[in-house]
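Examining the three-dimensional arrangement
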Amino acid sequence: MAIPATSSPLLGGGSGGEEGGDYYVEGAVDFRGHRSVRSRSGRWRSSLFMIAAEGVEMSERFAYYGISSNLIPYLTGTLHLSNALAAENSNVWAGVRWMLLLGFLPLTHTQNQTYALN
């Protein structure tokens, strides 16, 4: 069963409104709040932003797992702590990381207007 090209919004302008040869994307707005014009929005500019954001996320994960995997050998070797004390400090470090995440979560959601604190 073939889908006609006129019913697909990704081909030939689709179902968006037309004004001066530009097609508007229904239900989409740009960062200024204006209707999104298909010929001037998205494309590589948006994809490069997503790739850069994913690269930052990947770098953060590499840093976290690198520190967490090397923390006990560093504490026992370089700082000459006992294994028990090094494991305790490593667990405290991981716990503080998770508590900071949970502590700042309501603040970030309030800034993004996901929900309001009462």
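Residues numbered from 1 in each chain as written. Predicted model: local features only at pLDDT ≥ 70, side-chain atom pairs only at ≥ 80, totals over all residues. Heavy atoms only, no water.

Where charged atoms from two side chains of opposite charge approach closely, those side chains can pair. Within this structure, the stated rule accounts for 1 salt bridge. In this structure, Glu 57 and Arg 61 form a salt bridge, with 3.3 Å as the shortest nitrogen-oxygen distance. Of this pair, Glu 57 and Arg 61 both sit in helix 1 (residues 43-77), separated by 4 residues, roughly a single helical turn. Residue Glu 57 is classed as partly exposed on the basis of its relative accessible area, which comes to 32%. On the accessibility criterion, Arg 61 (46% relative accessible area) is partly exposed. (Salt bridge = Lys/Arg side-chain N within 4 Å of Asp/Glu carboxyl O. Helix = DSSP H or I, 4+ residues; strand = E, 2+ residues; numbered from the N terminus. Buried < 20%, exposed > 50% of the residue type's maximum accessible area, 1.4 Å probe, protein only.)

Right, let's talk about the environment of Ala 28 for a bit. Inspection of the secondary structure puts Ala 28 in strand 2 (residues 22-29). Placed 10 residues apart in sequence, Ala 28 and Arg 38 show a C-alpha to C-alpha distance of 9.7 Å. Excluding residues within four positions of it along the chain, Ala 28 makes contact with His 34, Arg 35 and Ser 36. (Contact = heavy atoms within 4.5 Å.)

With that settled, consider the confidence of the model for the protein. Do not read the predicted coordinates in detail wherever pLDDT is low. Scored by pLDDT, the protein comes out at a mean of 78, with 73% of its residues at no less than 70. Averaged pLDDT values over the elements of the protein bottom out at 50 in strand 1 (residues 18-19) and peak at 88 in helix 2 (residues 83-111). Confidence drops under a pLDDT of 50 for residues 11-15, and excluding neighbours within four residues, the segment shows 8 contacts in the predicted structure. (pLDDT = per-residue confidence, 0-100.)

For any two aromatic rings, the description comes down to two numbers: the centre-to-centre distance and the angle of the planes. This structure, assessed with the given rule, holds 2 aromatic pairs. Measuring from centroid to centroid gives 5.0 Å for Tyr 64 and Tyr 65, while their planes differ by 70°, and the two rings are edge-to-face. When its relative accessible area of 49% is taken as the criterion, Tyr 65 is described as partly exposed. On the numbers, 5.4 Å between centres and 15° between planes, the contact of Tyr 64 with Trp 93 is stacked. A residue pair is termed long-range when its members are at least 10 positions apart, and Tyr 64 in helix 1 and Trp 93 in helix 2 qualify at 29 residues. On the basis of relative accessibility, which here comes to 29%, the residue Trp 93 falls in the partly exposed class. An aromatic cluster is present here, built from Tyr 64, Tyr 65 and Trp 93 joined pairwise through their rings. The ring centre of Tyr 64 lies 4.1 Å from the NZ or CZ of Arg 97, which sits over that ring. (Phe/Tyr/Trp six-rings, centres within 6.5 Å; stacked < 30°, edge-to-face > 60°. Lys NZ or Arg CZ within 6 Å of the ring centre and 35° of its normal.)

Using a probe with the size of a water molecule, rolled over the atoms, empty space left in the structure can be pinpointed. Taken as a whole, the second largest pocket spans an internal volume of roughly 200 Å³. Around the second largest pocket, the lining residues are Glu 57, Glu 60, Arg 61, Ala 63, Tyr 64, Tyr 65, Ile 67, Arg 97 and Trp 98. Those elements that provide at least two residues to the lining of the second largest pocket are helix 1 and helix 2. Sort the elements by how many residues they give to the lining of the second largest pocket and helix 1 lands first, with 7 residues. Here the residues of the lining of the second largest pocket are counted per class, giving 5 nonpolar, no polar and 4 charged. (1 Å grid on protein atoms, 1.4 Å probe; cavity = no way out; pocket = protein on both sides within 12 Å on 5 of 7 lines; lining within 4 Å. Points joined across faces, edges and corners; volume = space filled by probe spheres on them. Nonpolar A, V, L, I, M, F, W, Y, C, P; charged D, E, K, R; others polar.)

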